[in-house]
Amino acid sequence: MMILNGFTFPLNDPIPIFVIVLFIILLAPILLRKLRIPSIIGLILAGMAIGDHGFNLVANGSIDLFGKAGLLYIMFLAGLELDMAEFKKNRYKSLVFGFFTFIIPLGLGFFLCNYLLHFNFMASLLVSSMFATHTLVAYPLASRMGIAKNEAVTITVGGTIITDTAVLLILAVITGSIEGELNQQFWLKLGFSFLVFSLTVLVGFPFVGRWFFKKIKDDQTTHFIFVFAMVFLGAFFAELAGVEGIIGAFLAGLALNQLIPHTSPLMNRIEFAGNALFIPFFLISVGMLVDLKVLLKGNQALIIAGTLTAMALSTKWIAAFITQKIFRYSATQRNVMFGLSTSHAAATIAVILIGFNMKIIDENVLNGTIILILITCMVGSFVTANAGKRLAVEESGRVPDIINIQERILIPVNDTNQTDGLLDFAVMINSSQQKTPVYMLTVMQDEDRLKEKVVLNNKNLEKAIKHGAETDTKVQAVTRVDLNMADGIRRAVKELLISDVVMEWSDKSNTATGFLFNSLFGTTTQNILNSVWETVFICRFSYPLNTTAKIILVLTKNAEYEIGFHHWVKRVVALSKQAGARVQVCCAADTQKAFAKEFAKNKVSAEISYRHFEDVEDFLVLAREIRSNDLIIAVSARKGTVSYHSYMETIPSKLLKHFEKNNLILLYPEQRQSEYLETGVQPEDLVLTPIQDQIDNFNKLGRAVKKIIRGKQR
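Residues numbered from 1 in each chain as written. Predicted model: local features only at pLDDT ≥ 70, side-chain atom pairs only at ≥ 80, totals over all residues. Heavy atoms only, no water.

**Re the overall build of the protein chain**
Rule in force here: To qualify as a helix, a DSSP run of H or I must reach at least 4 residues; to qualify as a strand, a run of E must reach at least 2; elements of each kind are numbered from the N terminus. Partly exposed residues are those whose accessible area sits between 20% and 50% of the maximum for their type, while under 20% is buried and over 50% is exposed, using a 1.4 Å probe and protein chains only. Contact criterion: two residues are considered in contact whenever any of their non-hydrogen atoms come within 4.5 Å of each other. Under the convention used here, a 1.4 Å probe and the Shrake-Rupley method define accessible areas, while residue burial counts only the protein chains that appear.
On a plain count of helices and strands, the protein chain comes out with 27 helices and twelve strands. In the protein chain, which comprises 714 residues, the proportion classed as buried is 54%. In the protein chain, the share of contacts with a sequence separation of at least 24, taken over all contacts with a separation of at least 6, comes to 83%. When the accessible surface of the protein chain is totalled, it reaches about 33,100 Å², and 59% of it is carbon and sulfur.

**Digging into the sheet that holds strand E12 (residues 663-668)**
To keep it simple, the criterion reads: Each pair of strands is called paired provided DSSP finds at least two bridges between the two strands. Axis lines are fitted through C-alpha atoms, for helices just across the contact stretch, and the angle between N-to-C directions can take any value from 0 to 180 degrees.
Judged by pairing direction, the sheet is mixed, and its ten strands sit side by side in the order E5-E4-E3-E6-E7-E12-E11-E8-E9-E10 without closing on themselves. The two strands at the open ends of the sheet, each matched to only one other strand, are strand E5 (475-481) and strand E10 (608-612). Sheet twist, expressed as the average angle between the axes of neighbouring strands with direction ignored, equals 20°. In this structure, strand E7 (residues 535-540) lies alongside E12, joined through five bridges in antiparallel fashion. Of the residues in E12, the one forming a bridge with Phe 537 is Leu 667. With respect to the sheet, helix H22 (residues 524-531) is in contact with strand E6 (500-504), E7 and E12, its orientation differing from that of E7 by roughly 160°. On the sheet, helix H23 (residues 565-579) packs against strand E3 (409-412), E6, E7, strand E8 (550-554), strand E9 (582-587), strand E11 (630-635) and E12 and is oriented at approximately 165° with respect to E8.

**Here we look at the nonpolar core**
Formally: Among buried residues, the Ala, Val, Leu, Ile, Met, Phe, Trp, Tyr and Cys ones that are joined through side-chain atoms within 4.5 Å form a nonpolar core.
Judged by nonpolar contacts, the single largest core of 115 residues is most densely connected at Phe 131, Ile 246 and Ile 270. It is helix H12 (residues 265-289) that contributes the most residues to this core, twelve residues altogether. If sequence neighbours within four positions are ignored, Ile 270 has contacts with Tyr 73, Phe 76, Leu 77, Leu 80, Phe 224, Val 227 and Ile 260. Ranked by size, the runner-up nonpolar core spans 39 residues in total, among them Leu 461, Ile 551, Trp 568 and Val 569.

**So, the confidence of the model for the protein chain**
Rules: Confidence of the predictor in every single residue is expressed as pLDDT, which spans 0 to 100.
Overall, the predicted model of the protein chain reaches an average pLDDT of 81, with 84% of residues at or above 70. Between residues 509-513, whose pLDDT stays under 50, and residues either more than four places distant or in other chains, the model counts three contacts.

**Some remarks on the pattern of salt bridges**
Close approach of charged atoms allows side chains with opposite charge to pair. Note the cut-off: One speaks of a salt bridge when a side-chain nitrogen belonging to Lys or Arg is within 4 Å of a carboxyl oxygen belonging to Asp or Glu.
One pass over the full model with this rule turns up eleven salt bridges. Lys 93 is the salt-bridge partner of Glu 151, the closest N and O atoms lying 2.5 Å from each other. One end of the pair, Glu 151, is in helix H8 (residues 151-177); the other, Lys 93, is in helix H5 (residues 91-116), and 58 residues separate them in sequence. Under the relative-accessibility criterion, Glu 151 is labelled partly exposed at 27%. Accessibility expressed as a relative area gives 28% for Lys 93, which makes it partly exposed. Close ionic contact of Glu 407 with Lys 570 constitutes a salt bridge, the shortest N to O distance being 2.9 Å. Of the two residues, Glu 407 sits in the loop between helix H16 (363-394) and E3 while Lys 570 sits in helix H23, which places them 163 residues apart along the sequence. Under the relative-accessibility criterion, Lys 570 is labelled partly exposed at 31%. Among the charged side chains, a salt-bridge network with shared partners connects Glu 407, Asp 500, Lys 570 and Arg 571.

**Regarding the packing of aromatic side chains**
Cut-off, in case you're wondering: Ring pairs are drawn from Phe, Tyr and Trp, using the six-membered ring of Trp, whenever the two centres fall within 6.5 Å, and their geometry is named by plane angle: stacked under 30 degrees, edge-to-face over 60, tilted for the rest.
Evaluated as defined, the whole model comprises 27 aromatic pairs. When the centroid spacing of 5.5 Å and the interplanar angle of 80° are considered together, the rings of Phe 18 and Phe 66 count as edge-to-face. Of this pair, Phe 18 sits in helix H1 (residues 14-33) while Phe 66 sits in helix H3 (residues 64-80), and the two are 48 residues apart along the sequence. On the basis of relative accessible area, Phe 18 is assigned to the partly exposed category, the value being 32%. Given the relative accessible area of 22%, Phe 66 is considered partly exposed. With centroids separated by 6.1 Å and ring planes inclined at 75°, the aromatic side chains of Phe 212 and Phe 213 adopt a geometry described as edge-to-face. A residue is classified by how much of its surface remains accessible, and Phe 212, at 14% relative accessible area, is buried. Members of the aromatic cluster, each reached through a chain of ring pairs, are Phe 18, Phe 66, Tyr 73, Phe 76, Phe 224, Phe 228, Phe 232, Phe 278 and Phe 281.

The following block contains the structure:
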């Protein structure tokens with residue numbers, strides 16, 4: 001016990017406890033994401049730090065109420081977010097994959113735990129069922145790459161319903177048998193009570209929910225409280241039936257699945273409450289139980305952690321391999337199935353924590369499971385990202401479901417004195433025959449003198465409106481009141497059906513404070529790219545565009561497979577025509593063929609040449625050939641998409657360093673936005689994988705060695 005300024009540690013007073021926990025929820029994911037640690041692991045590590053195995057700041061049991069609520073909430077969301085329509089569509093194949101991805105980890109895992117690690121029967125059954133469950137952590141990657149409708153992905157999602165439900169049934173047997181033996185009376189009692197409980201939840205809850213939503217139509221707060229009450233009512237019924245409450249919460253999620261649309265305001269409130277409060281409290285409470293110092297006390301803990309992780313990965317791969325052979329899928333589809341189904345997260349923590357609290361497993365298994373979660377999430381996202389890119393390329397012949405056919409340009413305004421160049425560029429790339437206006441957006445924060453500032457801003461934009469009129473272009477001023485620039489732009493893009501965002505290149509974060517803030521919370525540009533998935537042009541103009549002699553267009557590998565490829569090629573063609581500049585394209589051979597084909601469709605007699613580069617980083621050798629009046633357009637990509645490569649992170653700084661006097665444009669094509677996020681996991685957690693970064697580093701090292709060897713041979 002430690003006493004500091006009247007406070008006794010560990011703390012029992014709820015006020016300082018809430019202060020500590022809330023700041024952990026705020027800062028831990030942000031800080032640890034910079035270390036490439038997923039948010040779900042970051043909160044567990046933070047819990048370890050404040051618990052009695054760490055700095056002993058918070059007393060054990062002080063946040064149990066919120067922790068238990070978070071445990072139920074995480075399982076409720078697991079049932080609520082499952083896509084039942086996709087499951088019904090491919091239910092037979094999903095049943096096959098679900099069977100294999102459940103029975104293989106369960107069978108081999110039981111053999112490992114019982115005969116090699118010498119766990120008792122109940123511990124072996126619990127841990128092996130943990131191998132069987134999986135969480136769709138890497139699904140956002142598949143969604144972004146446009147492969148979410150591929151059969152391999154849909155049956156993996158469907159298989160999740162099968163395996164998670166089966167694991168929870170096993171958990172019901174384990175928890176129900178703790179107080180008695182597995183005799184005939186036990187099975188009859190458990191079977192009858194579980195049947196009554198299941199029918200009550202799966203039949204009764206939808207009936208009550210449908211009646212309630214019809215009677216209470218417009219009260220969103222009451223809707224949320226009703227759903228919240230049904231979660232805990234389902235957990236209470238489960239405990240009355242003699243099984244764990246999380247089973248009731250999961251079934252409540254399945255029961256209400258069809259009544260709560262995934263895009264509804266109610267769903268947004270449910271996810272917000274869980275992700276902001278209940279689930280972080282649960283993860284922190286789990287961390288307070290973990291003692292990683294056990295790993296240093298002997299080889300046993302390390303052996304268990306390594307063995308559990310290896311078994312979890314290998315059994316999921318075997319299940320994907322057998323399914324591939326049965327349905328004659330490609331190796332790429334098999335790898336996508338493995339990547340999606342190998343990640344262990346929410347359900348795994350729930351199952352293992354219950355076993356730990358019941359004394360079925362010891363702290364070695366609990367600690368080993370935390371390591372298993374960390375490694376499987378990394379491997380799952382890495383495999384899905386790489387296999388997903390290949391699968392997206394294979395499906396490139398299929399026409400995308402949604403293509404932005406609108407041609408509306410938005411220019412966010414930071415400085416009204418810098419709008420002329422951006423407006424000239426917007427006019428030059430506008431190839432539409434329809435004279436739609438160019439929107440000039442100003443985002444302001446709500447304050448006392450807001451009306452005065454809006455009037456003053458509109459007056460300052462009069463110059464831009466007149467400038468547009470000179471080119472027979474209508475400029476429409478738009479003012480939004482929002483929290484920040486990124487949110488204002490995101491909402492304006494949706495409301496105005498914007499196809500292209502033209503924004504100023506900002507490099508004003510040179511101060512120490514600005515660098516620290518941007519490194520933790522992301523720059524405004526990064527935040528805009530994370531929320532706006534239409535075509536974005538980031539422009540740095542040092543001189544008028546009409547003096548451009550040549551356009552240097554740098555394309556990354558796989559750029560032709562993005563859904564916005566056709567759109568931005570048309571924009572570049574229009575720019576070359578208006579500026580009267582020839583085009584030099586730097587890209588790989590396959591990308592060159594696709595670009596030439598698309599360029600020809602526009603039927604523009606422009607002078608075009610190609611420079612072959614397998615590695616786009618090599619385009620910097622052109623520095624001696626590029627003149628100061630050349631425009632450089634570098635086609636980049638958002639993280640986790642088909643054409644993204646890690647070296648893109650350094651392209652802006654390299655352009656500024658080597659081509660400071662040139663006009664520069666970073667072009668981010670229209671790409672697919674993720675429509676699903678696993679609870680407790682952020683998009684950044686899925687694409688910033690240390691494995692991918694290290695492979696990229698090895699590739700760079702290999703290329704450098706080859707260049708040295710070639711130089712010596714000459």
